[in-house]
Amino acid sequence: MKLGVVGLPNVGKSTLFNAITKNSIPSENYPFCTIEPNVGIVAVPDKRLDVLGEIYNTKKITPAIIEFVDIAGLVKGASKGEGLGNKFLSHIREVDAIVHVVRCFDNPNITHVDGNIDPIRDIEEINLELILADLETVNKRLEKSQKLYKTGNKEVIDEVNILTKLKEILENEKPVRSYNANEEEKELIKSFFLITSKPVIYCANISDDNIATPEDEIDYVKKVKEFAKSENAKCVVVCAKFEEELCSLSEEEAELFKQELGLKETGLSKLIVASYDLLGLISYLTAGEKEVRAWTISRGTKAPQAAGKIHTDFERGFIKAEIVSYNDLIEAGNFLKAKEKGKVRMEGKDYVVQDGDVILFKFNV
């Protein structure tokens, strides 16, 4: 899973990325400090792995991962190539979803490209550039398809029909994801690689003075949440500066720091979990003395295809899956006791894997 971290210059985007990856990339106070996309691989927080590691006395724990891409700041006119627009647009087309960082803090020492703080204006500024870029793509594709329309080819007719609908949506300054497409249309839209068809998480970046303040009491955050709700998008509140400071501490120090502030989880953890949910992803688990591991699959995946995530031979030669739910396994104490209690079951090719299933695949090639 690849997520693109985007936002206007100086909204805290690179600071957040530093915290996500614990990598040291430039986050100086000037536009375009991030010129090439920086990529970071981060673990999906999953306490179940540590518990299974103790039960199986494992030598290795491998979590599921998310790839974050820090993409250069965007300005007005990016769809026409202003600033680093062309690079921004090419990199953002490659991600699965967008984390849109929005500045929700006042700080006279950190300049804003538009001179003042207005989260909704900032959101709309970026969204409009992405819409204009998609509109250009749709117009070019539509022009080519219309030339072949008279051939009567069904695929061409279907393409012209959906492109015409998307053109109208974009001209009304709405993102492609706002269109309620059927399954057939979704597949066609996917082939156009449109930026505004990607799901979005709005990441409200607050001041460290507001970390302990209830989210609904921060005016900037309330506005972003309302906007996200109007788009059926997600909104996660983080303090990028705090998260960056936190990741420089040891685990023990970080835990004490969180307790002092009354935080149960970090903003980053919330962001990663929200990203997982946004893309309809779940994790199944494999466990043994050699390794305990989480595997990422789409919700609704059947057992053979889940097995294929480990190795194509597992899918090709799939026979059965021996499965116990994580909760049943923990309640029993270990795998043998779970089996004795009848909690371990054998499932076939039609079984839909559930989040937290601990699975041993049986296959023959």
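Residues numbered from 1 in each chain as written. Predicted model: local features only at pLDDT ≥ 70, side-chain atom pairs only at ≥ 80, totals over all residues. Heavy atoms only, no water.

*Asks:* Got a minute to help me understand the overall build of the protein in this structure?
*Replies:* Of the regular secondary structure elements, the protein holds 14 helices and 12 strands. For the protein, buried positions account for 47% of its 365 residues. Intrachain contacts of the protein at a sequence separation of at least 6 include 69% that bridge at least 24 residues. Looking at the protein as shown, the accessible area adds up to about 19000 Å², and 49% of this sits on carbon and sulfur atoms. (Helix = DSSP H or I, 4+ residues; strand = E, 2+ residues; numbered from the N terminus. Buried < 20%, exposed > 50% of the residue type's maximum accessible area, 1.4 Å probe, protein only. Contact = heavy atoms within 4.5 Å. Areas by Shrake-Rupley, 256 points an atom, 1.4 Å probe, with all protein chains shown as cover.)

*Asks:* Help me understand the packing of helix α4 (residues 119-147) against helix α7 (residues 219-230) in this model?
*Replies:* The description of two packed helices rests on the angle between their axes and on the distance between the axes. Put simply, α4 and α7 touch, their axes get as near as 9 Å, and they point 40° apart. As summarised for this structure, α4 and α7 are arranged oblique, according to the angle between their axes. Contact residues: α4 offers Pro 119, Ile 120, Ile 123, Glu 124 and Asn 127, while α7 offers Tyr 220, Lys 223, Val 224 and Phe 227. (Axes fitted to C-alpha atoms, helices over the stretch in contact; angles between N-to-C directions. Parallel < 35°, antiparallel > 145°, perpendicular 65-115°, else oblique.)

*Asks:* Any chance you could explain the packing of helix α5 (residues 154-171) against helix α6 (residues 183-190) here in plain terms?
*Replies:* Two elements in contact, α5 and α6, have axes separated by 11 Å at closest approach and are oriented at 85°. For the element pair α5 / α6, the angle class is roughly perpendicular. Counted together, Lys 154, Asp 158, Glu 159, Ile 162, Lys 165 and Leu 166 of α5 and Glu 184, Glu 185, Leu 188 and Ile 189 of α6 form the full contact between these two elements.

*Asks:* Would you mind showing me how to read the nonpolar core here?
*Replies:* The biggest cluster of nonpolar side chains holds 72 residues, and the ones touching the most others in it are Leu 16, Phe 68 and Tyr 202. Not counting chain neighbours up to four residues away, the residues in contact with Leu 16 comprise Val 101, Cys 203, Val 238, Ala 240, Leu 268 and Leu 271. Counting 16 residues, the second largest nonpolar core, distinct from the first, contains Val 138, Val 160, Val 176 and Ile 189. (Core = buried A, V, L, I, M, F, W, Y, C linked by side-chain atoms within 4.5 Å.)

*Asks:* For this particular structure, what's the right way to read helix α2 (residues 47-56)?
*Replies:* Along an α-helix, a turn takes 3.6 residues, which lines up residues three or four apart on a common side. Residues Arg 48, Leu 49, Leu 52, Gly 53 and Tyr 56 constitute the buried set of α2. Seen from one end, α2 has its buried residues packed into an arc of 140°, which puts them on one side. Away from the buried face of α2 by more than 90 degrees, exposed residues Lys 47 and Glu 54 are located. In this fold, the buried residues of α2 make contact with β3 (61-62), β8 (281-287), β9 (292-298), α13 (326-332), α14 (335-340) and β12 (357-363). Positioned one or two residues after α2, Asn 57 has a phi angle of 50°, which is positive. (Arc of directions from axis to C-beta.)

*Asks:* What am I meant to see in the confidence of the model for the protein here?
*Replies:* Close inspection of predicted coordinates is inappropriate for parts of the model with low pLDDT. For the protein, the mean per-residue pLDDT works out to 87, and 90% of the residues sit at or above 70. A low-confidence stretch, residues 23-35 stays under pLDDT 50, and its non-local contacts, those more than four residues away or across chains, total 39 contacts. (pLDDT = per-residue confidence, 0-100.)

*Asks:* So what exactly am I meant to see when it comes to the side chain of Ser 325 here?
*Replies:* For Ser 325, the location among the structural elements is in strand β10 (residues 318-325). Those residues within four positions of Ser 325 in sequence are excluded, and the remaining contacts are Arg 345, Gly 356 and Asp 357.

*Asks:* Help me out: how do you make sense of unusual backbone geometry in this one?
*Replies:* Keep in mind that most residues, glycine aside, have a negative phi and that most peptide bonds are trans. Non-glycine residue Asn 57 carries a positive phi angle of around 50°. As for its position among the elements, Asn 57 is in the loop between α2 and β3. Given a relative accessible area of 60%, Asn 57 falls into the exposed group. Its identity is not glycine, yet Glu 173 carries a phi of approximately 60°, on the positive side. With respect to the helices, strands and loops of the structure, Glu 173 is situated in the loop between α5 and α6.

*Asks:* Please clarify how the environment of Thr 196 should be interpreted in this entry.
*Replies:* With respect to the secondary-structure elements, Thr 196 resides in the loop between α6 and β6 (200-206). Using a relative accessible area of 3% as the deciding quantity, one classes Thr 196 as buried. Separated by 21 residues in sequence, Thr 196 and Pro 175 place their C-alpha atoms 5.0 Å apart. Other than its neighbours up to four places away in sequence, Thr 196 contacts Leu 130, Ile 131, Asp 134, Leu 170, Pro 175, Val 176 and Arg 177.

*Asks:* Can you help me understand the pairing of strand β4 (residues 65-70) in this one?
*Replies:* For a regular strand, side chains alternate in direction, first toward one face of the sheet and then toward the other. Looking at chain direction, strand β1 (residues 2-6) and β4 are connected through four bridges and run parallel. In the strand pairing of β4, Lys 2 is matched with Glu 67. (Pairing = 2+ DSSP bridges.)

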